[in-house]
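# Examination of the molecular architecture
The chain contents come next:
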Amino acid sequence: MASDQVIELLRKAYSDEIEIVMNYQTNAIVLDGVRAEEIKESLQTDIQEELGHAEMLGQRLKQLEAQPPGSAEFVARQDSLQPPEDSTDVFSVIEGVLDAENDAIETYRDLVHAAEDADDPVTEDLAVTILADEEAHRTEFRGFRTEYRND
């Protein structure tokens, strides 16, 4: 049986991935302007990856005889990733993505440690794999932030 901490972190990560899909989709729709196109395309591309993460996390929960949270349990946490009032405020979306990615990275690092402590190499491997994806996405958006600051 998996540790309670591993299950709790898997459930948090699952919810966060579902929330990020909603926020990426909304921002990809809402953003306007020529400068927004590259960001919108990146968000649209990453939606499928984030859905894949949620699927893997949900399957791991099932394997551990737990289940992912449903919508009744959902608690939104990504305040900084809400769509901006000014639809041309691309920079605020970039900052929101970076906040969400930093939170995800912290969660996956915690999950790696919890899985290691629980002698759960399958969950540990899953967390490491997703962590690498999240760090790559953060690097991409750090580049966008630098580019937008310099314009």
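Below you will find a few notes about this structure. (Residues numbered from 1 in each chain as written. Predicted model: local features only at pLDDT ≥ 70, side-chain atom pairs only at ≥ 80, totals over all residues. Heavy atoms only, no water.)

### Digging into the overall build of the chain
We apply this condition: Segments assigned H or I by DSSP are reported as helices when at least four residues long, segments assigned E as strands when at least two residues long, and all are numbered from the N terminus. Radius of gyration means the value over C-alpha atoms here, while the globule rule gives 2.2 Å times the residue count to the 0.38 power. Partly exposed describes any residue whose relative accessible area lies between the buried limit of under 20% and the exposed limit of over 50%, with all areas from a 1.4 Å probe on protein chains only and scaled to the type maximum. Whether two residues are in contact is decided by their heavy atoms: any pair within 4.5 Å suffices. Areas reported here follow the Shrake-Rupley algorithm with a probe of radius 1.4 Å; residue values treat only the protein chains shown as occluding. The charge count treats Lys and Arg as positive and Asp and Glu as negative. His and the chain ends do not count. Charge positions are represented by NZ for Lys, CZ for Arg, CG for Asp and CD for Glu.
On a plain count of helices and strands, the chain comes out with four helices and zero strands. Its helices and strands taken in sequence order, the chain reads α-α-α-α from the N to the C terminus. For 151 residues, the compact-globule estimate of 2.2 N^0.38 gives 15 Å, and the C-alpha radius of gyration of the chain, at 16 Å, lies within 12% of that figure. Its C-alpha atoms give the chain principal-axis dimensions of about 50 × 30 × 20 Å. Taking all 151 residues of the chain together, the buried fraction comes to 44%. At a minimum sequence separation of 6, the contacts of the chain that also span at least 24 residues come to 81%. On the chain, roughly 8000 Å² of surface is accessible, and the fraction owed to carbon and sulfur atoms is 48%. Measuring between centres, the 12 positive side-chain charges of the chain sit 2 Å from its 37 negative side-chain charges.

### What to know about the nonpolar core
As a rule of thumb, soluble globular proteins bury nonpolar side chains together. Basically, it comes down to this: As used in this record, nonpolar core signifies buried Ala, Val, Leu, Ile, Met, Phe, Trp, Tyr and Cys residues forming a set joined through side-chain atoms within 4.5 Å.
With 21 residues, the main nonpolar core has Val6, Leu10, Leu57, Leu64, Tyr108 and Leu111 as its most contacted residues. Listing elements by their share of this core, those giving two or more residues are α1 (4–30), α2 (37–63), α3 (90–117) and α4 (121–150). Those residues in contact with valine 6 that lie beyond four places of it in its chain are Leu64, Leu111, Ala114, Ala115, Ala118, Asp120 and Thr123. With 19 residues, the next largest nonpolar core counts Ile20, Leu31, Ala36 and Leu81 among its residues.

### Topic: the packing of α1 against α2
Put simply, the rule is: Only the stretch in contact is used when a helix axis is fitted, and all axes are lines through C-alpha atoms; the angle between N-to-C directions ranges over 0 to 180 degrees. For classification purposes, an angle smaller than 35 degrees is called roughly parallel, one larger than 145 roughly antiparallel, one from 65 to 115 roughly perpendicular, and anything else oblique. In this scheme the crossing of two helices becomes right-handed for a clockwise turn of the near helix relative to the far one and left-handed for an anticlockwise turn of less than a right angle. By the convention adopted, Pro, Cys, Tyr, Trp, Phe, Met, Ile, Leu, Val and Ala count as nonpolar, Lys, Arg, Asp and Glu as charged, and the other residues, Gly among them, as polar.
Contact pair α1 / α2: the axes reach a minimum separation of 8 Å and the direction vectors enclose 160°. One way to sum up the angle between α1 and α2 is to call them roughly antiparallel. The handedness of the crossing between α1 and α2 comes out as left-handed. When its residues are assigned to classes, the contact of α1 with α2 shows 16 nonpolar, five polar and six charged.

### Describing the packing of aromatic side chains
Defined as follows: Pairing of aromatic side chains requires ring centres within 6.5 Å, counting the rings of Phe and Tyr and the six-membered ring of Trp. Pairs whose planes differ by under 30 degrees are stacked, by over 60 edge-to-face, and all others tilted.
Inspection of every chain in the model, using the stated rule, returns one aromatic pair. With a centroid separation of 4.9 Å and 85° between ring planes, the pair formed by phenylalanine 141 and phenylalanine 144 is classed as edge-to-face. Of this pair, phenylalanine 141 and phenylalanine 144 both sit in helix α4, three residues apart, which is roughly one turn of that helix. Residue class for phenylalanine 141 comes out buried when judged on its relative accessible area of 0%.

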